[in-house]
There are 2 protein chains.
Amino acid sequence: MSDATILKKIDRQKSEMSEAERKVASFILNNAHLVPNMTTKDLSEKAGASEATVIRFCKTIGIGSYKSFKLMLVKELSNTSIDVNDFSLLQSKDSPYELFNKVTHVNRGALEAAVSALDRRELDKAIDVFLEADSILFYGVGGSGAAAADGHYKFAKLGFRTTMTPDFHFMLSVAAHLKKGDVFVGISTSGKTKDVLELARFAQVRGATVIAITNVGKSPLYKEADIVLGTPMVEHENRIGSIASKMVQMNMIDALYVAVFHRIGLSLEEPCKKAGETADRLKR
Amino acid sequence: MSDATILKKIDRQKSEMSEAERKVASFILNNAHLVPNMTTKDLSEKAGASEATVIRFCKTIGIGSYKSFKLMLVKELSNTSIDVNDFSLLQSKDSPYELFNKVTHVNRGALEAAVSALDRRELDKAIDVFLEADSILFYGVGGSGAAAADGHYKFAKLGFRTTMTPDFHFMLSVAAHLKKGDVFVGISTSGKTKDVLELARFAQVRGATVIAITNVGKSPLYKEADIVLGTPMVEHENRIGSIASKMVQMNMIDALYVAVFHRIGLSLEEPCKKAGETADRLKR
DNA sequence: GGATTAAATGAAATAAAGTTTCTTTTCCGC
DNA sequence: GCGGAAAAGAAACTTTATTTCATTTAATCC
């Protein structure tokens, strides 16, 4: 049932693409099975565009690199892949259980796509920055607030000085004290949320490093941040809002946490163990 | 286990390979899902062999190039399911990117397992109860706080009277006003968290329906709740704490939200649409 | 038992592919 | 027509895959 997720997406987005990108899209739609064995050069020649356009095309459809795009395409063509955009959700007379399965399916698909959206070098940079950070601000509102709060929680557990509240004005006050070496993590699916953007800019002016967790592609936050941790573009039923994007954001926070933990882990073990005994006793 | 043709082939040929190639084979067999995102360099380092050996390995198993090998592997892997307990996480010299992949993989696996942990009748019951609920309390602490907060947020969006704060004493005060027909949603992975258990019991005494989102199995919460939405037991690196359990909890909240939305959806559309215009304008 | 050859391996060189940057072009609003 | 923004390609650059070559290891034969 769920064949052709990326292809579908390409078809849908095609009309909004620039001319050169649309040429690439057309070729792919007509010759999908050939693409996994083609290089950017091949594809650019066949489509009648430049190699750079091929790369741009990938970002436009929300995938981090041409390589990732090929991987996803192969998965899809081998035809059991998950349809991230399979939001036929709210349609018919679905039972709760069926809905549960669909939701789970969509969330799984989003995580699958998450790997393709991330640039490993950006991640490396992010971890380095975290390790040097004196204090960290997480900020996200609405659906992205959950990920921000989770980041706050997790990094606090690691011993960082970290702050997060959904209150814009409060955050503004805190951000005013940011300095070089500090980190501001802005989380926004679309990258267009005004509050997040403004705070990010402010943090940047103050000299802090801005890390964005946002969709690959035409996200303003994507362009302005110092370091971008890309999330895949997941279509959403506009009546529900995107439920899957929260998953990939949380997943990113998990990864940041694990990676940072991994690097400072040893030095943490002792104090943690000692605290652990007391903590266990206090835990209710 | 699914019939993995290349992997099987590798396993079969392994005994006849040279030492270095066998190392490569072993790594691939143990970490197949990571390989498509690895370069020859990555793989050679992880396997403890040279890049040249990786290429030779591909030829040995009868595949012309490393790239082709990866393509075939992806095709094959897209048909196999994930091992939830594959927590080879935090192994020595993992790069952030590798950790990201592993984390993502584990989270995906957890979601995959989530389907089998849930009893559909319990879910049906839960939805019915929500639809009749006068007010809803969500409660979870620590890692489970995120899911509780998300439930709070989502059901508020649906127009429910809902409350959630991690403050036990505050919740106690609120729970004192619960009555028959109200709902208390307790979230705890282990089901042993004292605060959650006590609050759940209190809510039950007050006549509210207690819904638990907790691990299937030896969870006290599981036994005492009126309705249990089971989550799968996911092994966790005890040094990290379970990161995946949060995912399945959130997924459950998503499903509840979508299912409830689905049932009351039509009646909501009008007010939502009207509010939507104003809301869009206000959104920053 | 030492010389000889073949197989196995990794280091380094090379080739190919992917990505970024910079410049040019095109188009739009003034 | 001019200034600025968006789009596109050419070229520079980086990364990745592959080949070549030198070294090691182990077995084989006088």
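Placed above this text is the structure.
Residues numbered from 1 in each chain as written. Chains lettered and ligands numbered in written order. Predicted model: local features only at pLDDT ≥ 70, side-chain atom pairs only at ≥ 80, totals over all residues. Heavy atoms only, no water.

Caption draft 1: Region of interest: the protein's contact with DNA strand D. Near DNA strand D you find 18 residues, and of these Ser-18, Ala-20 and Arg-56 of chain A together with Thr-40 and Ser-65 of chain B are the closest. Between DNA strand D and Glu-19 of chain A, the relevant distance is 3.1 Å, taken from a phosphate oxygen to a main-chain nitrogen or oxygen of the residue. Within the side chain of Arg-56 of chain A, an N or O atom sits 2.6 Å from a base oxygen of DNA strand D. Mapped onto the surface near DNA strand D, the elements with two or more residues apiece are α2 (19–30) and α4 (51–60) of chain A together with α4 (51–60) and α5 (66–77) of chain B. At four residues, α4 of chain B tops the list of elements feeding residues into the surface near DNA strand D. Grouping the amino acids of the surface near DNA strand D by side-chain chemistry returns six nonpolar, six polar and six charged. (Near = heavy atom within 4 Å. Polar contact = N/O pair within 3.5 Å; in protein donor to acceptor, adjacent residues only side chain to side chain. Helix = DSSP H or I, 4+ residues; strand = E, 2+ residues; numbered from the N terminus. Nonpolar A, V, L, I, M, F, W, Y, C, P; charged D, E, K, R; others polar.)

Caption draft 2: Structural detail: the sheet that holds strand β2 (residues 161–163) of chain A. Residues and elements named next belong to chain A. In space, the five strands of this open sheet follow the order β2-β1-β3-β4-β5, with parallel pairing throughout. Each edge of the sheet is formed by a strand with only one pairing partner; in this case those strands are β2 and β5 (227–231). Ignoring strand direction, the axes of neighbouring strands in this sheet form an average angle of 15°. Direction of pairing for strand β4 (residues 209–215) relative to β5: parallel, over a ladder of five bridges. Bridged to Thr-214 within β5 is Gly-230. With respect to the sheet, helix α7 (residues 120–132) is in contact with β1 (135–139), β3 (183–188), β4 and β5, its orientation differing from that of β5 by roughly 125°. Lying on the sheet, helix α8 (residues 145–157) is in contact with β1, β2 and β3; it crosses β1 at an angle near 160°. (Pairing = 2+ DSSP bridges. Axes fitted to C-alpha atoms, helices over the stretch in contact; angles between N-to-C directions. Contact = heavy atoms within 4.5 Å.)

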